[in-house]
Amino acid sequence: MTATVEPEVGKSRRRKEDERLITGRTRWTDNIALPGMLHLAVLRSPLAHAKIVSIDTSAAKEAAGVVAVYTAADLDPEGAIGMPCAWPITPDMAAPRRPVLASDRVNFAGEGVAVVVARSSAEAHDALEAIEVEYEDLPSVLDLEAALAEDAPLVHEELGSNKNAFWVFDSAEAGTGGNVEEALSSSEVVLKRRFRQQRLVPAFMEPRACVVDPTGAQLTMWSATQVPHILRVMSALTLGIPEHKLRVIAPDVGGGFGGKIGVLPEEMMSVLVANKLGKPVKWNESRSETMLAAHHGRDQIQDITISAKADGTVTGLKVELLANLGAYNGLVGPGVPILGAFMFNAIYKIPAYHFACTNVFTTTTLTDAYRGAGRPEATFAIERIMDELADELGMDPVELREKNWIKHEEFPFTTVCGLTYDSGNYEAATEKAKELFGYDALRREQKERREANDPVQLGIGISTFTEMCGLAPSRVLGSLDYGAGGWEYASLRMLPTGKVEVTTGASAHGQGHETAWSQIVADQLGVSFEDVEVLHGDTQSSHKGLDTYGSRSLVVGGIAIVKAAEKVVAKAKPIAAHLLECSEDDLEYSGGKFTVKGTDSSTTIQDIALAVFAAHNLPDGVEPSLDSDATFDPENFSFPHGTHLCAAEVDTETGQVKLRSYVCVDDVGKVVNPLIVEGQVHGGLAQGIAQALFEEAVHDESGTLTTGTFADYLLPSAADLPSFTTDRTETPSTTNPLGAKGVGEAGTIASTPAVVNAVVDAVRQFGVNDIEMPLTPMRVWNAVRGGGANAGGPGGEAGGGLGSIDASGGAQ
């Protein structure tokens, strides 16, 4: 009997790339050293908004080790270079030029005004202190609502307004649902809340870095980026470099979370300086520079109105957003709230929906994609207001959700936004989560603690979510005026010895692509897991791609690999028939082996690869190659979902929050590697919980970032988080051959509202219906005592405004 080979897909394999990453036997951008390489350091504005009166670089030029000092007048004398924005969400969207270096005005604290080039990094940074800049203060623009007032100071005077764009979706106008105003006016219950999405810093492990070598036939750029292919295209367009003369390499990258999705002024600056001097240059930022000048995430004010019948049936949802873009448009920043527009309806059958978003410029670091990009913001708002509606109606929050969610037998289901959810089972995920959590027992304990007036109250939070991920369908992105497609590319090279090289356009920065892709190829071609090598992150070896973000790696990039493998098999089939002296119709293919039906006569893909290499005995007219490539553009997004439950203990005397237990049951379709999925979920949970309880980027009244180090910007450690209980249900996606859905953002999207709902639930009996994130002990304590801005106000609305924040993130 032939031994059955265990499939690789579904196996919990340890990541093959981890050995070199964990032991440091790898290549990061900052440890690249080239002969004659010079080092760059950027002088950054200490002011958020000011005119540049003069810059004196003479003393810096004489400093030890300094080769040159440049300002905007040196690098871009015509003022023609501006950082690209790939998502103009409306035809009239304001698009101020973001320069490589500021020339006449700075618009956020941290904007570069000069660059020192020196023989060492230390000498370059020392020389920064010798540059003298005279500024003339301009008023800062920080408050989103005040920024839209007629008499508000302007970030960009030439625009005449701080409004970037206004974008609307209305279900009645789109023909996908009813009229919201009619729903609100005719419903028995109407509830309005204001929620605040605080500003966050993508705290990736490796700071941003760039090395540029202009000395070869091609200009080569190494960058700690998520998007080497996009960076290549945008650099060519921005700087006028012939694209075929530019090679971009993303070596091993230490995390991104969306924070390395941009095309940076520092990258363009490095190219300009390298070309100017004809020498390799390196720019590498410090951690505090990252927090100051790399883009931030979130930062929205959300006004949410929901209407319902007395029995809890939701009848309408109205969303009005103010989104802070910071001082400039990021690469996809203006479109981030628009991604969320299609997710406020979440898993619910909402018959009428209206969404309106105003993007606003302020004198702060720009915002752009951060893990989830619009989807966490939307999920937070809908899951928070569903809890508020349940309280208003006196219903259990799970019961209210169940009354309104899409039932499993109703899939595929077209939502009020016009998206078609292909598969799901919210009932199964919720039931499993409740069982693992001990939901009913915890509710009984909660009741007992309230009746006993226990100073430590128990709260139970729920978050049911779905997301549109696999950021892809090119036609859909085109309809939203996105500046690129959503396809992904892969190629498979069959080597003579039966080994396989895979090139992928999906560039990893910690996700485990090399392992997962090897598992997919092993199953498709019947080769061993160890015999697959995955190449990525280099526009020369992997010449096509749209890179990694939006949980698209597996459901777009992984499917491109499947399609390329299918082509390898199709190429091998006539050769196999020739070698086995049979008709192609008589062949069966399984596990990398072609077998003549009804016989034991067979040959493997590896055997065929060697025969192709020799090319001694091939069918007439067949080229001697099995190598194949594929470009996959899905017809729809994928829609993972899940139910997250959190039990939080709140000390009402101190405001301290302790997460007692956390259970999540996610449905991410078919799983390639459960170990990788588990890691993705755990990391996502940590980031979502961190937003709820710990993290906030804070600016003072002048626009200075007061949380510019990890001493001030609070990240949780493992000791601050509970042991998670995770599980899965499985409804395969119907839109790709693997049946996979995305997982990279799920934990982050679902966990924030689960935690906040739990804390609010614990103290609701004190009249609290919201606490602004992060839920610091001071904010919780103030809310319980009714003295903070975060306790519920009159009329069922969130009360009191946003409050003032000190440098530690506590409410004053």
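Our structure's up above, just so we're on the same page.
The shown structure was predicted, so the numbers you read here are calculated from the model rather than taken from an experiment.

**Considerations on the packing of helix α12 (residues 375-393) against helix α21 (residues 746-763)**
Now for step 1: One way to put it is that α12 packs onto α21 with a least axis distance of 8 Å and a crossing angle of 30 degrees. It follows from the interaxial angle that α12 and α21 lie roughly parallel. When the axes of α12 and α21 are compared, the crossing they make is right-handed. Residue-level inspection shows Arg375, Pro376, Thr379, Phe380, Glu383, Arg384, Asp387 and Glu388 of α12 in contact with α21, the latter providing Thr748, Ile749, Thr752, Pro753, Val756, Asn757 and Val760.
Now for step 2: Its residues assigned to classes, the contact of α12 with α21 shows six nonpolar, four polar and five charged.

**Digging into helix α15 (residues 439-451)**
Now for step 1: The terminal C-alpha atoms of α15, which comprises 13 residues, lie 19 Å apart, in line with the 18 Å expected from a rise of 1.5 Å per residue.
Now for step 2: Of all the residues in α15, the buried ones are Tyr439, Leu442, Arg443, Glu445, Gln446 and Arg449. Projected down its long axis, α15 shows its buried positions confined to an angular sector of 160 degrees, all on one face. Across α15 from its buried face, at more than 90 degrees, point the exposed residues Arg444, Lys447, Glu448 and Glu451.
Now for step 3: Buried-residue contacts for α15 involve α13 (397-404), α14 (426-437), β18 (456-466), β26 (641-651), β27 (657-667) and α21.
Now for step 4: Looking one or two residues beyond α15, the residue adopting positive phi is asparagine 453, at roughly 55 degrees.

**A few points about the side chain of aspartate 252**
Now for step 1: Relative to the helices and strands, aspartate 252 is located in the loop between β11 (246-249) and α9 (265-277).
Now for step 2: Exposure remark for aspartate 252: the relative accessible area of 14% places this residue in the buried category.
Now for step 3: Leave out the neighbours within four places in its chain, and aspartate 252 touches Arg20, Leu21, Thr26, Arg27, Trp28 and Glu206.

**Some words on the state of the cysteines**
Now for step 1: Inspection of every chain in the model, using the stated rule, returns zero disulfides.
Now for step 2: The thiol sulfur of cysteine 357 is not disulfide-bonded, and the nearest other cysteine sulfur, from cysteine 85, lies at 13 Å.
Now for step 3: Not engaged in a disulfide, the cysteine cysteine 646 finds its nearest cysteine sulfur in cysteine 664; these two sulfurs lie 11 Å apart.
Now for step 4: With a relative accessible area of 0%, cysteine 646 lands in the buried category.

Conventions used here
In every chain, residue numbers begin from 1 and rise along the written sequence. pLDDT decides what is reported in this predicted model: residues at 70 or higher carry local features, side-chain atom pairs at 80 or more are listed and counted, and totals for whole chains, interfaces and linings draw on all residues regardless. Side-chain measures here rest on the full set of heavy atoms in the structure, leaving out hydrogens and waters. Only the contacting stretch of a helix is used when fitting its axis, a line to C-alpha atoms as for every element, and angles between N-to-C directions run 0 to 180 degrees. Labels follow the DSSP assignment, with helices taken as runs of H or I lasting at least four residues and strands as runs of E lasting at least two, numbered in each case from the N terminus. In this scheme, roughly parallel covers angles under 35 degrees and roughly antiparallel covers those over 145, while 65 to 115 is roughly perpendicular and the rest are oblique. The handedness criterion is simple: a crossing whose near helix is rotated anticlockwise from the far helix by less than a right angle is left-handed, and one whose near helix is rotated clockwise is right-handed. Residue contacts follow a heavy-atom distance rule, with two residues in contact if any of their heavy atoms lie within 4.5 Å. Gly falls in the polar group here, along with every residue not listed as nonpolar (Ala, Val, Leu, Ile, Met, Phe, Trp, Tyr, Cys, Pro) or charged (Asp, Glu, Lys, Arg). What a helix should span is 1.5 Å times the count of its residues minus one. Relative accessibility decides the category of a residue: with a 1.4 Å probe and only protein chains considered, values under 20% of the type maximum give buried, values over 50% give exposed, and everything between is partly exposed. It is the directions from the helix axis to the C-beta atoms whose arc is reported. When two cysteine sulfur atoms are found within 2.5 Å, that pair is recorded as a disulfide.

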